[in-house]
Amino acid sequence: MTDEQTSTYAGPQRVFSGIQPTGNLHLGNYLGALKKFARLQDAGWDCVYCVVDLHAITMPYDTKALANQTRQIAAAMMASGVDPEKSVLFVQSSVRAHTELTWVFDSVARMGWLEKMIQFKEKSGKDAERASVGLFNYPVLQAADILAYKATHVPVGEDQKQHLELSRNIADRFNRDFDAPDFFPLPEALIEGPGARIMSLKDGTKKMSKSDPAENSRINLIDDADTIARKIKKSKTDTLGDMPSDVEGLEGRPEVANLVGIYGALANMSDEQVLAEYGGKGFGTFKPALAELAVDHLSPITARMRELMDNPGEIDAALRKGAEKANAIAEPIMDEVRQIVGFWQP
């Protein structure tokens, strides 16, 4: 928050987050997002979780696969512990407030703000002029996603902090421009616990990614036990010796640090605790232990995901109910927005 951005917002504390329906979700998505979604829900937060299919169409995609990929993301959330009876779980495009509020925010946000967005530069590459307007405008839609529910907290990774800061700027600018003090909260980041950033199994300096062409770089949530064990066995380490005995020994060893971090996130242990158990031991001992832990942890999730995907009607029913609950939150907020900006209303 800048010195000028002050908020005394007194509304309910609410969490919002969303996941794009593109590619297979992997271990990094689970540890960095899904596991935390369930934990926040079970801790008593008012949680709104969304499959953000509107974001998915800003880049080339398969129109015939999108609906099924949307179900798969919802299935992964449910299998990971997100309970549609406790949290609001829905599909972004089924709630019109997202697109309507985006247009209002387009009139509040400034080009200079968007031009600074690093993710647009990364995704558009060298030929930014050929990128879609939707890709450029992506962060404004993100702000609308959050603020359509007046969410106060967003569980984000380090790579999304810039977008969240933009959401705060847009909320603050709206409140000031329309003389509506504290109408929108200035959402805060929730970055906590281990596993917030899981790296590639082939390159410890790169984030584990759905789009990485190297299949062995990630553990997919739909991978079976043998595949998980094989990928961990083949994961890159280094030639600097056995497991270090303390965290200082992880310096300059990104692949080893990543494996230690994965173990800790799965076992709810700190790096120090992991190394207290495995420090000085060879990778021939540590990797099988990590594989066993990963299989034990992920197998029930994979089984539940497959069960849900075999019964898409169960997923669709949950998402329809979630959309009704989401609309019930967002529509009164949008009614107030329309009044504040001066739109004619019958």
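Residues numbered from 1 in each chain as written. Predicted model: local features only at pLDDT ≥ 70, side-chain atom pairs only at ≥ 80, totals over all residues. Heavy atoms only, no water.

In the annotation of an unreviewed UniProt entry, the protein chain is listed under the name Tryptophan--tRNA ligase and assigned to Henriciella mobilis. You can read under Subcellular location (unreviewed entry) in the UniProt record for the protein chain the words "Cytoplasm". Database annotation for the protein chain, UniProt heading Subunit (unreviewed entry): "Homodimer." (UniProt positions renumbered as here; feature names shortened; annotations may be inferred.)

Draft legend 1. Structural context of the environment of Ile-333. Looking at where Ile-333 falls in the secondary structure, it is placed in helix α13 (residues 312-341). Owing to a relative accessible area of 6%, Ile-333 belongs among the buried residues under this scheme. Separated by 310 residues in the primary sequence, Ile-333 and Gly-23 place their C-alpha atoms 33 Å from one another. Dropping the residues within four chain positions of it, Ile-333 is found in contact with Leu-147, Ala-148, Tyr-149, Lys-150, Phe-183 and Phe-184. (Helix = DSSP H or I, 4+ residues; strand = E, 2+ residues; numbered from the N terminus. Buried < 20%, exposed > 50% of the residue type's maximum accessible area, 1.4 Å probe, protein only. Contact = heavy atoms within 4.5 Å.)

Draft legend 2. Representation of the packing of aromatic side chains within the structure. Within the structure shown, the criterion is met by 12 aromatic pairs. Seen from their ring centres, Phe-105 and Phe-174 are 6.2 Å apart, and the 75° between their planes marks the pair as edge-to-face. On the criterion of sequence distance, the pair formed by Phe-105 in helix α4 (residues 97-106) and Phe-174 in helix α8 (residues 161-177) is long-range, its members being 69 residues apart. Ring centres 5.4 Å apart and planes at 65° place the aromatic pair Tyr-263 and Tyr-278 in the edge-to-face group. Taken as a pair, Tyr-263 in helix α10 (residues 254-267) and Tyr-278 in helix α11 (residues 271-278) lie far apart in primary sequence, 15 residues in all. As far as the burial class goes, Tyr-263 and Tyr-278 line up, both buried. Every member of this aromatic cluster is reached through a ring pair, and the members are Phe-105, Phe-174, Phe-178, Phe-183 and Phe-184. Its guanidinium or amino end placed over the ring of Phe-183, Lys-150 lies 3.8 Å from that ring's centre, counting from NZ or CZ. (Phe/Tyr/Trp six-rings, centres within 6.5 Å; stacked < 30°, edge-to-face > 60°. Lys NZ or Arg CZ within 6 Å of the ring centre and 35° of its normal.)

Draft legend 3. Layout of the packing of α4 against α13. Where α4 contacts α13, the two axes come as close as 11 Å, and the packing angle between them is 25°. In this view, α4 runs roughly parallel relative to α13, as classed from their interaxial angle. Two packed elements cross with a definite hand, and for α4 against α13 that hand is left-handed. Counting all contacts with α4, which are made through Ala-97, Glu-100, Leu-101 and Val-104, the residues of α13 involved are Ala-330, Met-334, Val-337, Arg-338 and Val-341. Within the contact of α4 with α13, the residues separate by chemical class into 7 nonpolar, no polar and 2 charged. (Axes fitted to C-alpha atoms, helices over the stretch in contact; angles between N-to-C directions. Parallel < 35°, antiparallel > 145°, perpendicular 65-115°, else oblique. Left-handed = near helix turned anticlockwise from the far one by under 90°. Nonpolar A, V, L, I, M, F, W, Y, C, P; charged D, E, K, R; others polar.)

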